[in-house]
Amino acid sequence: SANTFLNGEESYSSGMFSGSFTANRITPELKTTISVSSYFMRNEFRFNGDVIESDSDSHNLNGLIVKSVGDHWSVGAFFSILSSTYSNIKFRVNPAPAIEYNLFPYSESTKKQLRFLFRLGYNSVRYREETIYEKTYENLWQQALSLTLELKQKWGTVSTSLEGSNYFHDFNKNRLQLNGELSLRLIEGLNFNVYGSYSRIRDQLSLPRGEASLEEILLQRRQLETGYSYYLSVGLSYSF
C-alpha cells in the first residue's frame, strides 16, 4: 500500500507520504509474517516573514516465525528494526526468541485462545541525540510476559491482552500495557465496536537531553516524558 497527501494555504502547507508491505503465510505447523512500513511528513508555517519547518519520518520492519510443538506449545522468534525521529532513535535492532503456551488446543484457535507468551529480547540502539541518561548508544537485554484472551462467537468477538516488560540492567525501567477490543453483533450486519488501550510507562530510555521547545511540543516533533498513555475508540459498523 502507498498513500500521500498535500494540503496548504497562504501561511501553511503540509505533505505526507507513507507506504507499507505485509506478507503472511500460516499453516497448522508454521506461521510466518513480515511487515515493512515508512512515512515522511513535512509541515511549513509562515508568520511575519519567518518560516518554521517541521520534518519527521519513521521506518519499521517486523518479522515473526512461530512453529507449533504439540497442541498447546509453540516456539518462535521476533525480529524488528526501527528508525524514528520522534522517538530519538537513529537505528534499533531487536531480535527476540519466544515461547508460547495456549490453554486451549491450537485446533480450536479460530474460536478461542488463551495464550501465555514469554519473550527475551536484545536491544541494540543508536540514538540521534544524547539521551537524558547521557547515552548515544547502548545494548540492553529485555524480557516480556503477556497474557492474551481471544474469543470468536456468534454474538461477536473479544480480544484482550496484558503485557509487562522490563530491562535487566534496571528493573525499575518497566512498562505495563493493557489492550482490549470488543465487537458485539447487535443485529444481522450491525456491530458495536469498542477498542481501548492503557500503558503505564517507566522505560523511556530514548528521551533526548535538554528541554523541548514550544515548537517541538506543539508540532509533536519530539517525544516527551510521561507516566502513562491511553487510547479509546467507540463506534458502529454495518456489513452487507
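The rules we used
- Residues numbered from 1 in each chain as written.
- Predicted model: local features only at pLDDT ≥ 70, side-chain atom pairs only at ≥ 80, totals over all residues.
- Heavy atoms only, no water.
- Helix = DSSP H or I, 4+ residues; strand = E, 2+ residues; numbered from the N terminus.
- Buried < 20%, exposed > 50% of the residue type's maximum accessible area, 1.4 Å probe, protein only.
- Contact = heavy atoms within 4.5 Å.
- Areas by Shrake-Rupley, 256 points an atom, 1.4 Å probe, with all protein chains shown as cover.
- Polar contact = N/O pair within 3.5 Å; in protein donor to acceptor, adjacent residues only side chain to side chain.
- Phe/Tyr/Trp six-rings, centres within 6.5 Å; stacked < 30°, edge-to-face > 60°.
- Pairing = 2+ DSSP bridges.

A.B. asks: Quick question: what am I supposed to make of the overall build of the protein here?
C.D. replies: Per the secondary structure count, the protein includes one helix and 12 strands. What you see in the protein, going N to C, is helices and strands ordered as β-β-β-β-β-β-β-β-β-β-β-α-β. Taken over the C-alpha atoms alone, the protein extends approximately 65 × 50 × 30 Å along its principal axes. The buried share of the protein, reckoned over its 240 residues, is 28%. Across the protein, the fraction of contacts at a sequence separation of at least 24, relative to all contacts at a separation of at least 6, is 49%. When the accessible surface of the protein is totalled, it reaches about 15600 Å², and 57% of it is carbon and sulfur.

A.B. asks: Sorry, what's going on with the side chain of Ser 206 here?
C.D. replies: With respect to the secondary-structure elements, Ser 206 resides in the loop between strand S11 (190–201) and helix H1 (214–218). A distance of 2.9 Å separates a polar side-chain atom of Ser 206 from the backbone oxygen of Ser 87. Those residues within four positions of Ser 206 in sequence are excluded, and the remaining contacts are Ser 87, Asn 88, Ile 89, Tyr 127, Thr 131 and Gln 223.

A.B. asks: Which parts of the structure should I look at to understand the packing of aromatic side chains?
C.D. replies: Each aromatic ring pair is characterised by the separation of its centres together with the angle its planes make. According to the stated counting rule, one finds eight aromatic pairs in the structure shown. Arranged with centres 5.0 Å apart and planes meeting at 55°, the rings of Tyr 122 and Trp 141 form a pair that is tilted. Of this pair, Tyr 122 sits in strand S7 (residues 112–127) while Trp 141 sits in strand S8 (residues 137–153), and the two are 19 residues apart along the sequence. The class of Tyr 122 is partly exposed, set by a relative accessible area of 27%. Residue classification places Trp 141 among the partly exposed positions, given a relative accessible area of 46%. Ring centres of Tyr 195 and Tyr 231 lie 5.9 Å apart, and the angle between their planes is 55°; this geometry places the pair in the tilted category. Of this pair, Tyr 195 sits in strand S11 while Tyr 231 sits in strand S12 (residues 228–238), and the two are 36 residues apart along the sequence.

A.B. asks: Would you mind going over the pairing of strand S10 (residues 170–187) with me for this structure?
C.D. replies: Relative to S10, strand S9 (residues 156–167) runs antiparallel, the two being bridged by 12 bridges. Across the sheet, the residue bridging to Val 158 is Leu 182, located in S10. A loop of two residues connects S9 with S10, the two strands running antiparallel in sequence. Examined bridge by bridge, S10 and S11 share 12 bridges and lie antiparallel to one another. Among the inter-strand pairings, Glu 181 is bridged to a residue of S11, identified as Tyr 195.

A.B. asks: When you look at the side chain of Ser 74 in this model, what are you seeing that I'm missing?
C.D. replies: In this structure, Ser 74 sits in strand S5 (residues 73–84). Residue classification places Ser 74 among the buried residues on the basis of a relative accessible area of 2%. Side chain to side chain, Ser 74 and Tyr 106 meet in a polar contact 3.0 Å long. Sequence-distant contacts of Ser 74, defined by excluding residues within four places in its chain, comprise Val 66, Lys 67, Ser 68, Val 69, Ile 99, Glu 100 and Tyr 106.

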